[in-house]
Every structure is written in structure tokens, then in C-alpha cells.
Amino acid sequence: MKFAYRFSNLLGTVYRCGNLNFTCDGDSVISPVGNRVTVFDLKNNKSNTLPLATRYNVKCVGLSPDGRLAIIVDEGGDALLVSLVCRSVLHQFHFKGSVHSVCFSPDGRKFVVTKGNLAQMYHAPGRKREFNAFVLDKTYFGPYDETTCIDWTDDSRCFAVGSKDMSTWVFGAERWDNLIYYALGGHKDAIVACFFESSSLDLYTLSQDGALCVWQCDTPPEGLRLKAPTGWRADLLQAAAEEKEDGEEGEEETTVRGKATPAAEEQQGKVRYSRLAKYFFNKEGDFNKLTAAAYHKKTHLLVTGFASGIFHLHELPEFNLIHSLSISDQSIASIAVNSSGDWLAFGCSGLGQLLVWEWQSESCVLKQQGHFNSMVSLAYSPDGQYIVTGGDDGKVKVWNTLSGFCFITFTEHSSGVTGVTFTATGYVIVTSSMDGTVRAFDLHRYRNFRTFTSPRPTQFSCVAVDCSGEVVSAGAQDSFEVFIWSMQTGRLLDVLSGHEGPISSLCFNPVKSVLASASWDKTVRLWDMADSWRTTETLGLTSDALAVTFRPDGEELAVATLNSQITFWDPENAVQTGSIEGRHDLKTGRKELDKVTAKHSAKGKAFTTLCYSADGESILAGGMSKFVCIYHVKEQILRKKFEISCNLSLDAMEEFLNRRKMTEFGNLALIDQDAGAEDGVAIPLPGVRKGDMSSRHFKPEIRVTSLRFSPTGHCWATTTTEGLLVYSLDAQMLFDPFELDASITPARIRAALRQQDFTRAILMAFRLNEKKLLQETLESVPWDEVEVVSSSLPDLYVEKVLEFLASSFEVSRHLEFYLIWTQKLLMVHGQKLKSRAGKVLPAVQFLQKSIQRHLDDISKLCDWNRYNIQYVLAVSRQRGRKRPSEPLGSEEEADPSDDDTLHLLGGGQGDGAAQPV
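Everything quoted here is computed from the prediction, not taken from an experiment.

1. Here's the deal with the overall build of the protein
- A tally of helices and strands in the protein yields 12 helices and 59 strands.
- For the protein, the proportion of its 917 residues judged to be buried stands at 50%.
- Considering only contacts in the protein between residues 6 or more positions apart, those separated by 24 or more positions represent 50%.
- Just so you have it, the protein exposes about 44,600 Å², and 50% of that area is on carbon and sulfur atoms.

In C-alpha cells form, the structure reads like this:
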């Protein structure tokens, strides 16, 4: 089995913090999620996370006007220049300070970043190769407090910068003779956003207290005059032009300083601003903090978001309210408008919510929300098409692995969900919760159709369903019992007692009716359903059992214990067959408040979740660490270790203590350093009654709560502090031949095809294992000879052909041709494949997933076409005659005869059927 797994997508989290952006075509939203960036394609209904990560949470994202480049800046001031075309990092840069916003000029030649109380303008990276992509052009001083927002004029001549000192500054990208840099006041709170009017220097400024100022400029953009260099500057420029030598990076940097109150003689003949109007969003006596705003210049549409979750749409400059709606009870952190002005994107960092709203039709284009708290458990559907997750917030969400979107959320649980699982059919989800209930949800009707409870209230810590889907079991955390229910009747069948500690994990044997239960009493018990649920074996362990799982063929049992060991058992004979010591592989990080090293703190850490690979040869293990380990079961060695996160905004990430945070008074991590900031905690002073004394600013700890391999064997998923991470096999071009020798070449394969020796050509193509060549070889076989070629294939190659067909179904348009191949292969080799079902199962399930997806898509299309044809037939029969008295849904109209169909399609002599359409 190959282990070239790479990060492919991030589900379960759609927005954390930072600013949203629409792509140039307006069809996709770029959303920062932790230290990653996800692109939501709204037209094709897909989400994809870029394969890159920053060192801290993403603070702001700047998109170039052509949509090819993006600058991603994190909280530490590190920037990544990313190509959105090839989805790779082109350049890394450090701004040496926290950056609040970044914005490209409309012509794409410059970009401005606001950092501290200044603004810096850089030359934008071009399409040519450059040694340094970020060259500083000018540094602008003026504001006394932190700068917050940027906006450019349409011609890229000037830009405005808002600040927390309640002032807005207008700066020139070039040195304009008649533009002096001074502050625009008029506000009583920090500036949230500033916007230029289209093709004008007129300006709108918005402050946090809900005030809008309209500023009129007496000079059009064309009236700006370029300042000619004089004196020694002119001589230097002339000498530089003659020499034509490239200077160093810092030589061209200039500093521009503005004046808050310029003298009257300096303002004569210069650009002047006057305030036309001042509007207020809040009614009298009402205070709602303005947190985000966006402006669409072509349609003059202003969108403002508030701390209460309300957003307003206004038409400027008249300030006419179009409509006002509430999307949540949390603060709106970011707003974006697409290029046409039809779609509005809102991000709420408190709930992790992303909403795309079409304001003209007042409908949702996209509404996604992750789990409010951390995700605890996950499960794959039997065909690998869906993933279900349960969280501490009591919600159960089902995600589509192809689109990356959540399509249903169940909220019946009133406390944290502790376990989720699918039944064998794939249409029923069973969940356990700390609220004392086990619930079954139907994916056909999207409802909770069964609720299982215990005679005495108890908290359930895990859940399992047998292979038939008829028996449901759940382990109790406080009564140390295992409860068994019937799925059909919902009645309690049995209560299994015997454990002397909380039940930590349950697992049914996939082949036999045997249930394994792991407990903190250092035992794993095997219960036989066929023998009245008696304990057949009790496996004694050296430490508390945390997780238990069966191999897919049911012949082996793996148990994770508190002493960081994974032990393997033969469930038939109750004999231990091997063990893995995983303490050194776990490599837990050091928390900020830990007083011991990471090496010593790892003694208390262990693997908390286990999962066998689809073929049963390897086992996946994760726990209180940023690493996920894959072990070879037979050899008991570490095959590969995945680092699931490099985000230093999370706790327990670093191995060594940062000595700079240690002072003589204690650890600086104990202090809420972000107190009083935008998203921080305001520390109440003595005598002040306002504020929540229980509120604290904390860093979530990195951990892996659940792991599952896809039944197809092509990907695996894990629930972590960051969200639901999906790792899949690398789909890039890899040369991976099978039993290759020197006689097999592409030329010889094509020669065999010309001679119509298809079987030999297919065998040689699979030995070379080049995807394009495989596709060419299989598609060269005439459809009426597929059965003959299938019957002549050796058994070893049948599985490889099935895997190739499954992957081809996802991209190819030759659906019927590949279905013929699949049918003939399974008909001819079905009995032989059944004899080695354990090995072939992942390939067959991958094939089932691909065919099921096409079935869902085509069945919808066929139903739509059938209803349309029925409607056209009904209309054609009604043309020229009165409507009958019977209702339209009568049997004659709902099921038109074949003669009517022929008349309509063939141009018969029916009523109006012969008329051209």
C-alpha cells in the first residue's frame, strides 16, 4: 500500500478571522481559515483549501486585480506571495510588525500595507522572475495611532488610510504638486472603513460608533499635477538615468510625512476637502458598534455590518436604506462584495460562519458554519462519499467529500456528542451524547427517527453498530455498563455489566457477532451476541484502555492504552500477537504554562484514537499531539508520521520553552496581553461593574480527537483543533511501474494495439503504469470485444483494472463505455474476487462511490427531462381546445401514451404537434 498521502482539503471550518475576498469573476470566495486559506467555488458548488500554511493565523489577504496573485499575511507579520493559478508559494517576506490590512492598486503595479501608525507602499511583483518580489517604494507617516483600512482611487493615483485616532489621510502614490497630505476629522471613534467614489477623489469615511461622513473634493483626479524634482534631487535623478544602474532595495525608498493641521498659506491652490454630510446608522438612544463595511463603486451600494449581527444596505450618496437584516447574534467580522455587486459575503468569527447573500432576490447563495466548539468524532459512509462529525456543541454535521460542503445539521442533542457511526447501508447515522441519549438519524428524510435511552440517566461515551445495522450498543461513563438496543423496535435488549471503570471505546467485529469493549479498568472484554451476550474473553492490559478497533477482516484486535502502547490481539484465542511503543513517536509539544519539558510531559500522553487502513496492513494512531503516526502492523515499525499543523497560534506546538516570556514575576503567558483589543478581553478595573469576570483569552490546544480511513483506501480524515483535515493520495504524475522490464515501452504497447492484440497491450500498459497510456489502451478496445478481453485478463490485473476504472469515472465522459467494462469484469471474475474479498474490498468500494455519484447526478437530470417532456406533451394536447374539467395531475396527463410521444417527437398529426417549435 502506498503512503504518498498529502493534505487535500479542510472541512468543518469555513471562516476564522481576517478579511474575505471575491475573485475577479465574482464566482468564488476566498476565506481565511486559521492558518490556511479556502476557496469556495459558488458556481460549481465546491470548496478547496490551498496546500499551504502560515506560521500563525491569517490576519489579512490581498488579491491582485487580475486574480492571479494573493498576498497572505499572518498575525506575526510573515507574508506569503501565492499564485492562485498553480496554487503554490512564490515568495516569503517578513514585514517586521503586525499588519492590519493589505490592498493592491487597481492597475496592479503597487500595493499598500498598513502597519502600526504608518502605511508602506511596495512595488507589486511582476510576471518576470525577480530576486526580491517585495521592493519598498515609499513609507507614509501621519496618523498617531494604528492604521486600520485602505482604499485606492480608480486611476491608482491616490489612496486613503483610516486610523484608530479617528482621522483619515489621503496620500498620493506619486508626488503631486497640488496635493498636501493632511487629516480628515469629523469622527468620534476609530475609523473602520474609507471608500473613494468612482472616478473621483470624493471620499466616504465610516467610524466604529456608526457615523458616516461624506467628503467632497474640489479637484478631479485629472487635476493632480506631478511635482517636478528640483535642486540636488534633479541632479541625482539625471545622473541615475545616465548610468542606468539598478540600485539596492533601500536606495529608492522615500519617506512621506503628512501634517495634521497644515498652515493656511500651504493650502492655497491645493486640493481641498469639505464635508458635505454626516449620517448616523444608529437610532437615537441606540448604540450598535459598526465592525465591518464594503462599498461597490459602480452601483453605489454600501454594506455595513454590526456587532449585533445586523447588516444594512444603503445607496450612496443619498443614504437611502435598501434593506436591513440579521444573519446571526455574533459580530460580523468581514464583508466583501463581488464584481457585479449582486453577491455579498459575510464572515462571523465568533460562530465561524460564512454567508453569501444575493441581496436583490433576498436569498442565500451559500450558508456554511462549522462546529462552535471542537469536533470530537467522525465516521465515513460505507461508500466513502460522506463524512459525519460530532462536536462538543451537540451538533451532528454531514459533509460531502466531493464538494467539501455540509449539507445537513442535526441539532437534537442537548449536550456534547461523544461518538458517531454509519450503519452498513450508509443511510442511517447513530450518535451518542453526554445528554444520556443515543439517536438514529435518517439521511433520506433528514430526521431523528429513533431515540434510545437507559433506565437510569447516564452519560454515554461511545457508540457502535453491528454489521447488520440491527443492534446498537453504547458505553456508559458513570455506570460502567454497556447498553444494547434493537434498531427496529427501539427497545432495550440487554445491559452488560462486568467492567469496573468507565467504558472508553466500543467496536463490533465486522464479520462475526462479537462486541469488544475497552474500559479504564485495564481490560478489554469480548461479548458474544449469539451466546446471549456472555463474556467470551477478558483481555488483561498493563494500563487503562483508551481505544479499541477490529481489523477489517475481523481477525485482529488493536488496543491503545494510557502508557502510550498499542497492543495487538488474536480475538479467537485471546493471545497477544504484538505491541508498539509509541511514546517517542507521539512527540507532544510544550504548553505555555508547563513547568516541565515536553519530553517529561509526554509521559502522561497517549494515543486516544486508532484506525486500521482499508487493507488491514497498517494502523493509524493519533492523540494529544500534532502528529499522526502510521505503523506497519506485522513489522511493528513506524511507516510515516504526518504533522497536521504548524500553527503557532495554537497551544502545545513548540517543543522548547520561550525564555523571553519568563520574567522574575512569572510567565508572561499568564497575562491577557490582548486585553482591550478588538477581539481581546477588557480587564475590569476596581470599582467598575461592567464586564464579564469569567471571560478569558486563551489559546486552544492542538490535539487529534478522531481518525478514520476511507473505505476506498484513497484518503483518510482526522478531526483536530483546526477542523476536519482530509489527506488523500498524491494525484500528481508519479512513475510507479509494476514488474517492469526493458521490453515494455510505449512504442511496443501502441504496436500491440495496432495489431489488435488488446490483452497483451493492456497487460504491458499496467506494468508501465502511465495513466494517459492506460486510458488510451482501454479506450482502444471496441465495446463489443470488452467481454472477450475481460475474460482473458489474469486475476492479478483485474483488481488494477477496477481501480483504474473507479478513478476514471471521476473525470471521464465515456460513462457507458466504462460501465460496460465494469459489468463484464465483475460478471466474469465475480466468483474469484469474492474468494479474496478482504483484499479487493477497497477497490470495489471506490468503484461503488464513483458509480453512485454518477447515478445521483444522472437520475436527477433524467427525472427533470422526463417531467419536462410530460409538460410539453400536456401543453401540446391542450393547444387549440378548452381545458378539461379534470385536474392537471390526472392519470392521462401524468402518464402520456407512447403514441403521443411519437406524435410530439416525430411530427405527427396531433393537436398542434406538427407545428414547428
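2. Section: the side chain of S519
- With respect to the helices, strands and loops of the structure, S519 is situated in strand β44 (residues 514-519).
- Taking the relative accessible area as the measure of exposure, S519 reaches 0% and is therefore buried.
- Other than its neighbours up to four places away in sequence, S519 contacts H499, G501, P502, I503, S504, D544 and A545.

3. Structural notes on the pairing of strand β52 (residues 618-623)
- Most of β52 sits out of view: 6 of its 6 residues are buried.
- Pairing analysis gives 5 bridges linking strand β51 (residues 607-612) to β52, with the strands arranged antiparallel. Looking across to β52, one finds that C611 is bridged to L620.
- Direction of pairing for β52 relative to strand β53 (residues 627-632): antiparallel, over a ladder of 5 bridges. From the neighbouring strand, A621 faces β53, where its bridge partner is C629.

4. What about the pattern of salt bridges?
- Overall, the coordinates contain 21 salt bridges when judged by the stated rule.
- Residues K626 and E643 are paired through a salt bridge, measuring 3.4 Å at the closest nitrogen-oxygen approach. Remark: E643 occurs in strand β54 (residues 637-643) and K626 occurs in the loop between β52 and β53; sequence separation between them is 17 residues.
- The class of K626 is buried, set by a relative accessible area of 16%.
- One salt bridge in this structure joins R703 and E701, with 3.8 Å as the shortest N-O distance.
- On the basis of relative accessible area, E701 is assigned to the buried category, the value being 16%.
- Ionic contacts of the salt-bridge type, sharing partners, join the residues K110, D137, K138 and E174 into one network.

5. Observations concerning the packing of aromatic side chains
- Per the counting criterion, the structure on display carries 40 aromatic pairs.
- Centre to centre, the rings of Y140 and F159 are 5.1 Å apart; their planes meet at 85°, and the pair counts as edge-to-face. One end of the pair, Y140, is in strand β13 (residues 135-141); the other, F159, is in strand β15 (residues 158-163), with 19 residues separating them in the sequence. No difference in accessibility class separates Y140 from F159, as the two residues are buried.

6. Observations concerning a nonpolar patch on the surface
- A cluster of nonpolar side chains, Y871, V872 and V875, forms an exposed patch at the surface whose accessible area comes to about 280 Å².
- Along the polypeptide, V875 turns up in helix α10 (residues 837-878).
- By relative accessible area, V875 is classed as partly exposed at 34%.

7. What about the sheet that holds strand β35 (residues 417-422)?
- Taken in spatial order, the 4 strands of this open sheet run β35-β36-β37-β38, and their pairing is antiparallel. With one partner strand each, in any of the chains shown, β35 and β38 (447-453) form the two edges of the open sheet. Taken over all neighbouring pairs, the strand axes of this sheet differ in orientation by 20° on average, direction set aside.

8. Considering unusual backbone geometry
- For the bond running from L316 to P317, omega is 5°, close enough to zero to count as cis.
- In this model, S199 sits at a positive phi of 50°, which is unusual for a non-glycine residue.
- Within the secondary structure, S199 is located in the loop between β18 (191-196) and β19 (203-207).
- Judged by relative accessible area, which is 54%, S199 ranks as exposed.
- The residue Q636 is not glycine, and still its phi comes out positive at about 55°.
- Take Q636: it is sitting in the loop between β53 and β54.

9. A few points about helix α9 (residues 815-835)
- With 21 residues, α9 extends 28 Å between its outermost C-alpha atoms, agreeing within 8% with the 30 Å of an ideal straight helix rising 1.5 Å per residue.
- In the structure, α9 departs most strongly from a straight axis at H829, where the bend amounts to approximately 70°.
- Three or more residues of α9 are buried, namely F817, Y818, I820, W821, T822, L825, H829 and L833.

10. With respect to the state of the cysteines
- Under the defined criterion, the tally for this structure stands at 0 disulfides.
- Residue C149 stays outside any disulfide, its sulfur separated by 3.7 Å from that of C194, the closest cysteine.

11. Regarding the nonpolar core
- Counting residues in each nonpolar core, the largest one holds 35 residues, and the members touching the most others are I749, I762, W821 and L825.
- Broken down by secondary-structure element, the contributors of at least two residues to this core are α4 (746-754), α5 (758-768), α6 (771-779), α7 (786-791), α8 (795-809), α9 and α10.
- No other element matches the 8 residues that α8 contributes to this core.
- If we skip the residues at most four places from it in the chain, W821 touches I762, L778, V781, V786, V789, S790, L793 and L805.
- Listed in part, the 33 residues of the second largest apolar core include A173, I191, W215 and V256.

12. A word on the confidence of the model for the protein
- Per-chain confidence: the protein averages 83 in pLDDT, with 85% of residues scoring 70 or above.
- Below pLDDT 50 for its whole length, residues 244-252 participates in 7 contacts with residues either more than four positions away or in separate chains.
- Contacts from residues 674-681, a stretch scored under 50 in pLDDT, to residues over four places away or in other chains number 12 contacts.

13. So, the sheet that holds strand β34 (residues 406-410)
- Taken in spatial order, the 4 strands make up an open sheet running β31-β32-β33-β34, and their pairing is antiparallel. A strand with exactly one partner marks an edge of an open sheet, and here the two such strands are β31 (375-380) and β34. When strand polarity is set aside, the average angle formed by the axes of neighbouring strands in this sheet is 20°.
- One ladder, built from 5 bridges, connects β31 with strand β32 (residues 386-391); its direction is antiparallel. The residue of β32 that forms the bridge with L378 is T389.

14. Brief notes about the environment of V37
- Here V37 shows up in strand β4 (residues 36-41).
- Spatially, the C-alpha atoms of V37 and V61 are 9.0 Å apart, while their sequence positions differ by 24 residues.
- Residue contacts for V37: discarding those within four places in its chain leaves I30, S31, P32, N48, T49, L50, V58 and I72.

15. Side note on the packing of α8 against α9
- One way to put it is that α8 packs onto α9 with a least axis distance of 10 Å and a crossing angle of 150°. With respect to their mutual orientation, α8 and α9 come out roughly antiparallel. Considering how the two elements wind past one another, α8 and α9 form a crossing that is left-handed. Side by side, α8 and α9 meet where D795, V798, V801, L802, F804, L805, S808 and F809 of the first sit next to L815, Y818, L819, W821, T822, L825, L826, H829, K832 and L833 of the second.
- Partitioned by chemical class, the residues of the contact of α8 with α9 number 13 nonpolar, 3 polar and 2 charged.

Basis of the calculations
Residues numbered from 1 in each chain as written. Predicted model: local features only at pLDDT ≥ 70, side-chain atom pairs only at ≥ 80, totals over all residues. Heavy atoms only, no water. Helix = DSSP H or I, 4+ residues; strand = E, 2+ residues; numbered from the N terminus. Buried < 20%, exposed > 50% of the residue type's maximum accessible area, 1.4 Å probe, protein only. Contact = heavy atoms within 4.5 Å. Areas by Shrake-Rupley, 256 points an atom, 1.4 Å probe, with all protein chains shown as cover. Pairing = 2+ DSSP bridges. Salt bridge = Lys/Arg side-chain N within 4 Å of Asp/Glu carboxyl O. Phe/Tyr/Trp six-rings, centres within 6.5 Å; stacked < 30°, edge-to-face > 60°. Patch = residues over 30% accessible without salt bridge, like charges linked within 9 Å, V, L, I, M, F, W, Y side chains within 5 Å. Axes fitted to C-alpha atoms, helices over the stretch in contact; angles between N-to-C directions. Expected span 1.5 Å × (residues − 1). Bend = angle between axes of the 7 residues up to and from the residue. Disulfide = S-S within 2.5 Å. Core = buried A, V, L, I, M, F, W, Y, C linked by side-chain atoms within 4.5 Å. pLDDT = per-residue confidence, 0-100. Parallel < 35°, antiparallel > 145°, perpendicular 65-115°, else oblique. Left-handed = near helix turned anticlockwise from the far one by under 90°. Nonpolar A, V, L, I, M, F, W, Y, C, P; charged D, E, K, R; others polar.

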